[in-house]
Amino acid sequence: MSEFSDAEESRQPGTVAPPRHPWNRYIAIGDSFTEGIGDPEPNSPGGHRGWADRVAEELSRGRDDFKYANLAIRGRLLQQIIDGQLEPALALKPDLISISAGGNDLIRPGSDPDHLAERLDAAVGRMSAAGATVLLFNGPDIRDTPVLGMVRGRVAVYNENLRTIALRHDAVVADMWSMRQLRDPQMWSPDRLHFSPLGHHNIAIMVLDTLNVPHELLPMLPKPLPVQKWQAARAEDLVWAREFLFPWVLRRLRHRSSGDGMSAKRPTAGPVFGPGLGTGLPLSH
């Protein structure tokens, strides 16, 4: 009997197998960004896929022992994420944990990015002390994004604080600020507040590259948009304001959240289900 596996025997001479990543249990916490809002998928838990599911799919390739949980809930503020998700996440004993939090705070009037960073720092310290690799996300450059663009300065300050936190706790930063492709409108969902499937896909690629994990995702570029007359553009803006902006503002005034009454879509650490997952077979992108 050969001492080599079929995969090793089929490998061409002179080639090197891609390195195995060191993680077996990935837990994601956060808000709508990590929940996957903007990337609808009826076959995914909660009806949304998102960048975190896409990353977990690639991490699970050929790893039957890999487990994944996603505790993120849309609309959550930073302190709500810390209070409601941090302890349950640590109880699942992750060796890789991601947190993206603070975005919903920063778009609220009077928010203080320095104060937010202090609270995040304490939470990251606890994750790091638990022995997990901690993955942080800075905010994207939202200068051309309606509504979000008005808080670009706060996001920039928060991002700098986040880099300091990462250095202090040996965390990894997924750098969305440098993703210039996120300036394309097609990377955003129709509500202009969340990323589209295309945006989530490209963010997943960035995350895997940041973690130095070999993967099979290919960059996807948006098709060029047709030139639009200004009258049509203004009409689209009015429709967007009526369907998305005004309800969002109304929720803020009423101190309500889109996540009220919602629960985590993947509350326990388990296998990543789907065609080809955990088997090394190709996935559709």
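Since the structure is predicted, the reported quantities are computational estimates derived from the model, not experimental observations.

## Quick notes on the overall build of the protein chain
The helix and strand inventory of the protein chain stands at 9 helices and 6 strands. For the protein chain, long-range pairs separated by at least 24 residues make up 76% of all intrachain contacts whose partners lie at least 6 apart in sequence. Carbon and sulfur atoms make up 57% of the accessible area of the protein chain, which totals about 14,700 Å².

## Quick look at the packing of helix 3 (residues 50-59) against helix 8 (residues 197-210)
One way to put it is that helix 3 packs onto helix 8 with a least axis distance of 8 Å and a crossing angle of 45°. Put simply, helix 3 runs oblique to helix 8. Two packed elements cross with a definite hand, and for helix 3 against helix 8 that hand is right-handed. Contacts from Gly-50, Trp-51, Arg-54, Val-55, Glu-58 and Leu-59 of helix 3 reach helix 8 at Pro-197, His-200, His-201, Ile-203, Ala-204, Val-207 and Leu-208. Among the residues making up the contact of helix 3 with helix 8, the classes are represented as 8 nonpolar, 3 polar and 2 charged.

## Overview of the side chain of Arg-74
Of note, Arg-74 is situated in the loop between strand 2 (67-70) and helix 4 (78-91). Overall, the relative accessible area of 17% leaves Arg-74 in the buried class. Side chain to side chain, Arg-74 and Glu-35 meet in a polar contact 2.6 Å long.

## Quick notes on the side chain of His-48
Take His-48: it is sitting in the loop between helix 2 (32-35) and helix 3. Excluding residues that lie within four positions of it along the chain, His-48 makes contacts with Glu-35, Gly-36, Ile-37, Gly-38, Asp-39, Pro-40, Glu-41, Asp-53, Arg-74 and Lys-265.

Cut-offs applied
- Residues numbered from 1 in each chain as written.
- Predicted model: local features only at pLDDT ≥ 70, side-chain atom pairs only at ≥ 80, totals over all residues.
- Heavy atoms only, no water.
- Helix = DSSP H or I, 4+ residues; strand = E, 2+ residues; numbered from the N terminus.
- Contact = heavy atoms within 4.5 Å.
- Areas by Shrake-Rupley, 256 points an atom, 1.4 Å probe, with all protein chains shown as cover.
- Axes fitted to C-alpha atoms, helices over the stretch in contact; angles between N-to-C directions.
- Parallel < 35°, antiparallel > 145°, perpendicular 65-115°, else oblique.
- Left-handed = near helix turned anticlockwise from the far one by under 90°.
- Nonpolar A, V, L, I, M, F, W, Y, C, P; charged D, E, K, R; others polar.
- Buried < 20%, exposed > 50% of the residue type's maximum accessible area, 1.4 Å probe, protein only.
- Polar contact = N/O pair within 3.5 Å; in protein donor to acceptor, adjacent residues only side chain to side chain.

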